[in-house]
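Secondary and tertiary structure notes
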Amino acid sequence: MTLLLRQVKIIDPTSAHDGQVKDVLIRNGKIAAIRKRVPGSFKRTVAHEGLMISPGWIDVGTFIGDPGMEHIETMQSASKAAAAGGFTGMVMLPNTEPALQSKSEIEYILNRSRSMISRVFPLGALTKACQGNEMAELVDMHHAGAVGFTDGMHSIQEAGVLLRGLEYVKTFGGIVVNHPDTEDIGAQGMIHEGSVSVSLGLVGKPDLAEALMVKRDIDLLRYSNSRLHVLNISSAKSVKLVRSAKTEGLNLSCSVPVMNLVETDERMLGFDSNLKVRPPLRSESDRIALVEGIADGTIDFVTSNHQPVEVERKKLEFAYAAYGSIGLQTVLPLLIKGLGRKKSPERIVQLLSLSPRRHFNLPVPSIDQGKMAEITLFDLNSQWELSQDKIHSKSLNSAYVGIPLKGRSLGVVNGEKVHLRDGLGSG
Amino acid sequence: MELQLSTKHLLGIKYISKEDIDLIFETADNFKEVINRPIKKVPSLRDVTIANLFFENSTRTRISFELAEKRLSADTVNFSASASSVKKGETLLDTVNNILSMKVDMVVIRHPAPGAPTFLANHIDANIINAGDGTHEHPTQALLDAFSIREHFGSFKGIKVAIIGDILHSRVALSNIFCLKKLGAEVTVCGPPTLIPKHIESLGVAVSYNVRETLEWCDVANVLRIQLERQEIKYFPSLREYSQYFGINRELLNSLKSEVVIMHPGPINRGVELTSDVADSDQSIILEQVENGVAVRMAVLYLLAAPRA
């Protein structure tokens, strides 16, 4: 397989060609040449005004229902959706049935993922069945290839359980991932607690529920001197806590769902169940604080918070609908919109590729001659709409179908495997 | 009448305008006169079919709607959750679509989930009237409450209304707040702090935890039912303590400087939020509220159906 990328801007601070517009020739999964002009014509050539490339993007905290919930998502469908969204890899949550809680489940994921265009890097369950009680076999899973440990969508409620996890992963320099949510504060809360929840008569989830746990987790991290990733924060209070903990020099990172950079709870007034997500969409001041947290480096990267839900559990009365929104295919346009004037190609690549890779010890595939090709192609100005037939996920629960979007990933190259948007690369 | 509502549905008071409310009241004035005639029936909604879908128990709201429909000569069908296919696992959308395929024009729905009428309005083609959706809204109750206040005081200018009791679980409180604020009244909500939602001030109301002070302040006290059936968590220690510190009795009313009008959306927990000698007294307009309920619901049905004629 030979593919020529004509006159693309390379966004990769690890490459000698960073910031330059070049021809990039990919042959047999490797970068064969990067030149001002590669002579000759090739059957597969991509020439697209405004095209940029970067090291392949990584999504952290992707929910994939395989094994156990293949009717909402399979490894195959998730991989296709990820490739269409520009991701060459996903760090997958362990909330499957059974949970990814021993080396055999980790090996299953890695083996199935090997043939896919977007690779899957599993997070192992921190506790058995992600129940938050008894620690799972972490060292064994680490040796099998788990890239971190978490109970995923189940926040660890017991401080002692999280503390033992933080201590234990020091055996192998591992990382613990926890999504902060104190369950018995705003116990049945469905949306952000504020003027909107009051006027809709819905039980609110106060930002306190999140901030209390962020604070606790930081205290436990300080005590254990381990590594922690705070997954998917949503409130100004959490940004403040993480910012101050980082100035202490703790080994702490955190992420935000890209939707929370764009939407607020005002959107809930129409009871659209596709916006019923966890963490909830919060107030405008929270949204602004999250964008600032990105700009000053408090927040390390953004996530798709990809959570497929079948129509039977979504097209229901708001209170009965399941949580979650698919997100892999709309990360770039939402990120561009959320960052506003604070956006730049360098920052976007940092947030989607370099930073998540660094925190999960996934090597950066530099765009240099002779290296394996793991590349995302994107255009920050492309205007498009997501239509239902273009959704690759097995579930359709997106709030962005039929909405004009700006900025699009145009494809990925991952070794021998290539996915290009329709009409590109025909040459 | 040429005038029309600005909306196809009545999903909540927050979705309608003050002009809509005024129009409903003017229309209700006429219907109140009609239902006090020897022959109470008018042919306004002849050939209009209305389904009353009650996914939650109700006695007075349901009877009130049914009477309003019958007095307008509409054809009605009734559905209640206890004897329904819902228990067999059918979704709300399927249930309602099945009923609509039998050519129903309007749907009156009561449902335990906030937003269920909005969900239906987004997916089906019929006029939807919210008869109470969980802890969200109960617009016709708020309209009949405000109509009763208007009847008693003539206008809303300078009128101080206290809403007392379980504000947290009350759709009546929420709809009343939206309605009274639109009409220009002043509103205070009062109850134990655990039964008052945080951020309620953002709706433009004052908050008090002291019933005596609130009663001294207000012209009207709309006393809400303690929603025992909707409390999964204990928000106050006992009914005994509640009635002692937040209930209204004759002695308390007699000790106030001026006379307060007492309202209650029913059903009353006698001896809890209101004692019988208060509920049945001359100060109470509880039964007028019920009578006005029919007139107000006739007005809502009539106005929503008008574009069809």
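Residues numbered from 1 in each chain as written. Chains lettered and ligands numbered in written order. Predicted model: local features only at pLDDT ≥ 70, side-chain atom pairs only at ≥ 80, totals over all residues. Heavy atoms only, no water.

**Comments concerning the overall build of chain A**
Condition: Secondary structure elements follow DSSP: runs of H or I no shorter than four residues count as helices, runs of E no shorter than two count as strands, and numbering proceeds from the N terminus. Each radius of gyration reported is based on C-alpha atoms, and the globular scaling rule is 2.2 Å times the count of residues to the power 0.38. Here's how the labels work: a residue is buried when its accessible area is under 20% of the maximum for its type, exposed when over 50%, partly exposed in between, all with a 1.4 Å probe on protein chains only. What makes two residues a contact is simply this: any of their non-hydrogen atoms within 4.5 Å.
A count of helices and strands for chain A gives eleven helices and 19 strands. Computed over its C-alpha atoms, the radius of gyration of chain A comes to 21 Å, within 12% of the 22 Å expected for a compact globule of 427 residues. By its C-alpha atoms, chain A is 65 × 50 × 45 Å across when sized along the principal axes. Counting the 427 residues in chain A, one finds 64% classified as buried. Sequence separation of at least 24 residues holds for 74% of the intrachain contacts in chain A that already meet a minimum separation of 6.

**Details of the pairing of strand 17 (residues 374-385) of chain A**
Residues and elements named next belong to chain A. Here is the rule we go by: One requirement defines pairing of two strands: DSSP has to find at least two bridges between them.
Burial within strand 17 is extensive, with nine of its twelve residues counted as buried. As paired strands, strand 5 (residues 52-55) and strand 17 are joined by four bridges and run antiparallel to one another. Across the sheet, residue isoleucine 53 finds its bridge partner in strand 17, namely leucine 377. Sheet analysis places strand 17 next to strand 18 (residues 404-414), joined by nine bridges and oriented antiparallel. Looking at strand 18, one finds that glutamine 383 is bridged to lysine 406.

**Re the environment of valine 139 of chain A**
All names here are of chain A. Among the secondary structure elements, valine 139 is positioned in helix 3 (residues 138-144). For the pair formed by valine 139 and asparagine 260, sequence separation is 121 residues and the distance between their alpha carbons is 34 Å. Every residue in contact with valine 139, bar those within four places of it in the chain, is listed here: Tyr168, Thr171 and Phe172.

**Some thoughts on the sheet that holds strand 6 (residues 57-62) of chain A**
Consider a sheet: its strands pair through backbone hydrogen bonds, and that pairing is either parallel or antiparallel. Residues and elements named next belong to chain A. Rules: Inter-axis angles, ranging from 0 to 180 degrees, are taken between N-to-C directions of lines fitted to C-alpha atoms, where helices are fitted over the stretch in contact.
Ordered by their spatial adjacency, three strands build an open sheet running 6-7-8, and the pairing between neighbours is parallel. Looking along the sheet, the strands with just one partner apiece sit at the ends: strand 6 and strand 8 (119-122). For this sheet the average axis-to-axis angle between neighbouring strands, irrespective of direction, equals 25°. Pairing geometry for strand 7 (residues 87-92) and strand 8, over four bridges, is parallel. Directly across from glycine 89, in strand 8, lies its bridge partner arginine 119.

**Here we look at the packing of helix 1 (residues 18-35) of chain B against helix 11 (residues 286-305) of chain B**
Helix packing geometry: the angle between the two helix axes and the distance between the axes. All names here are of chain B. We apply this condition: Any angle that falls under 35 degrees is termed roughly parallel, while one over 145 is termed roughly antiparallel, one within 65 to 115 roughly perpendicular, and all others oblique. Take the far helix as the reference: if the near one is turned anticlockwise from it by less than a right angle, the crossing is left-handed, and if turned clockwise, right-handed. When residues are sorted by character, Ala, Val, Leu, Ile, Met, Phe, Trp, Tyr, Cys and Pro go into the nonpolar class, Asp, Glu, Lys and Arg into the charged class, and all the rest, Gly among them, into the polar class.
For the pair helix 1 and helix 11, interaxial distance at closest approach is 8 Å and the crossing angle is 120°. Here helix 11 runs oblique to helix 1, going by the angle between their axes. The element helix 1 and its partner helix 11 pack so that their crossing is right-handed. Every residue of helix 11 that contacts helix 1 at Leu23, Ile24, Thr27, Ala28, Phe31, Lys32 and Ile35 is listed here: Glu291, Asn292, Val294, Ala295, Val296, Met298, Ala299, Val300, Tyr302 and Leu303. For the contact of helix 1 with helix 11, the per-class residue count stands at 13 nonpolar, two polar and two charged.

**Let's talk about helix 2 (residues 60-71) of chain B**
Residues and elements named next belong to chain B. Test applied: For a helix, the expected span equals 1.5 Å multiplied by the residue count minus one.
Helix length check: helix 2, at twelve residues, gives a terminal C-alpha distance of 16 Å against a target of 16 Å (1.5 Å per residue), a fit within 8%. Buried-residue contacts for helix 2 involve strand 1 (49-54), strand 2 (75-80), strand 3 (106-111), strand 4 (127-133), helix 5 (139-153) and helix 11. Looking one or two residues past helix 2, serine 73 carries a phi angle of roughly 65°, positive in sign.

**Things to note about the sheet that holds strand 3 of chain B**
Residue and element names in this part refer to chain B. Strand order across the open sheet formed by four strands is 2-1-3-4, with parallel pairing between neighbours. Two strands close off the open sheet at either side, each with one partner strand: strand 2 and strand 4. Pairs of neighbouring strands in the sheet enclose a mean axial angle of 15°, with direction left out of account.

**Let's talk about the nonpolar core**
Put simply, the rule is: To define a nonpolar core, start from buried Ala, Val, Leu, Ile, Met, Phe, Trp, Tyr and Cys residues and group those joined through side-chain atoms within 4.5 Å.
Grouped together as the largest cluster of nonpolar side chains are 111 residues, with contacts concentrated most on Leu252, Leu261, Val302, Leu335 and Leu352 of chain A. Top contributing element to this core by residue count: helix 10 (residues 331-339) of chain A, with six residues. Ranked by size, the runner-up nonpolar core spans 67 residues in total, among them Val198 of chain A together with Leu143, Val161 and Cys179 of chain B.

**A look at the interface of chain A and chain B**
In plain terms, the rule: Buried area, as used here, totals the accessible surface that two parts lose on assembly, with accessibility defined by a 1.4 Å probe and the loss added over both. By salt bridge we mean one thing: a side-chain nitrogen of Lys or Arg within 4 Å of a carboxyl oxygen of Asp or Glu. Polar contacts, as used here, are pairs of N or O atoms within 3.5 Å; protein pairs need one atom able to donate a hydrogen and one able to accept it. Residues neighboring in sequence count only if both atoms are side-chain atoms.
Each partner contributes residues to the interface: chain A has 18 residues there, and chain B has 26 residues. Both sides together, the interface formed by chain A and chain B hides about 1,600 Å², and carbon and sulfur atoms give 66% of it. Scanning the region where chain A abuts chain B turns up zero salt bridges. Across the contact surface, chain A and chain B share four residue pairs in polar contact (both at pLDDT 80 or more). Split into classes, the residues belonging to the side of chain A that touches chain B amount to nine nonpolar, six polar and three charged.

**Considering the domain arrangement of chain B**
All names here are of chain B. Selection rule: Here the bounds of each domain stem from an automatic or database domain assignment.
Along its sequence, chain B is carved into domain 1 (13-138 + 290-308) and domain 2 (139-289). Computed from C-alpha atoms alone, the centre-to-centre distance between domain 1 and domain 2 is 25 Å. Of the roughly 2,600 Å² buried between domain 1 and domain 2 on both sides combined, carbon and sulfur atoms contribute 62%. Its largest share of buried area at the contact with domain 2, domain 1 owes to Ile13, Phe25 and His138, together 27% of the area lost on that side. Applying the counting rule to domain 1 against domain 2 returns three salt bridges. One salt bridge connects lysine 32 with glutamate 151, and the closest N-O pair in it is separated by 2.5 Å. At the level of elements, helix 1, helix 2, strand 3, strand 4 and helix 11 are the ones that each hand at least two residues to the side of domain 1 that touches domain 2. For the side of domain 1 that touches domain 2, the class distribution of residues is twelve nonpolar, nine polar and 13 charged.

**Considerations on unusual backbone geometry**
Residues and elements named next belong to chain A. Here the amide bond leading from aspartate 66 into proline 67 is cis, since omega sits at 10°, within 30 degrees of zero. The omega angle of the peptide bond from glutamate 97 to proline 98 is 0°, so this bond is cis rather than trans. If you trace the backbone, proline 98 turns up in the loop between strand 7 and helix 2 (103-113). Despite not being glycine, phenylalanine 271 shows a phi value in the positive range, around 55°.

**Focus on helix 11 (residues 345-359) of chain A**
Residues and elements named next belong to chain A. Spanning 15 residues, helix 11 covers 20 Å between terminal C-alpha atoms, matching the ideal 21 Å at 1.5 Å per step. Burial analysis of helix 11 places eleven of its 15 residues in the buried class, the great majority of the element. Of the residues flanking the end of helix 11, it is asparagine 361, one or two places downstream, whose phi is positive at about 55°.

**Focus on the pairing of strand 5 of chain A**
As paired elements, strand 1 (residues 2-10) of chain A and strand 5 of chain A share two bridges and run parallel to each other. The residue of strand 5 of chain A that forms the bridge with lysine 9 of chain A is methionine 52 of chain A.

**Concerning the environment of glycine 327 of chain A**
Residues and elements named next belong to chain A. Residue placement: glycine 327 occurs in the loop between helix 9 (311-314) and helix 10. Since its relative accessible area comes to 7%, glycine 327 is described here as buried. Residues glycine 327 and serine 115, 212 residues apart in the sequence, show an inter-C-alpha distance of 23 Å. When sequence neighbours within four positions are dropped, the list of residues in contact with glycine 327 reads Ser304 and His306.

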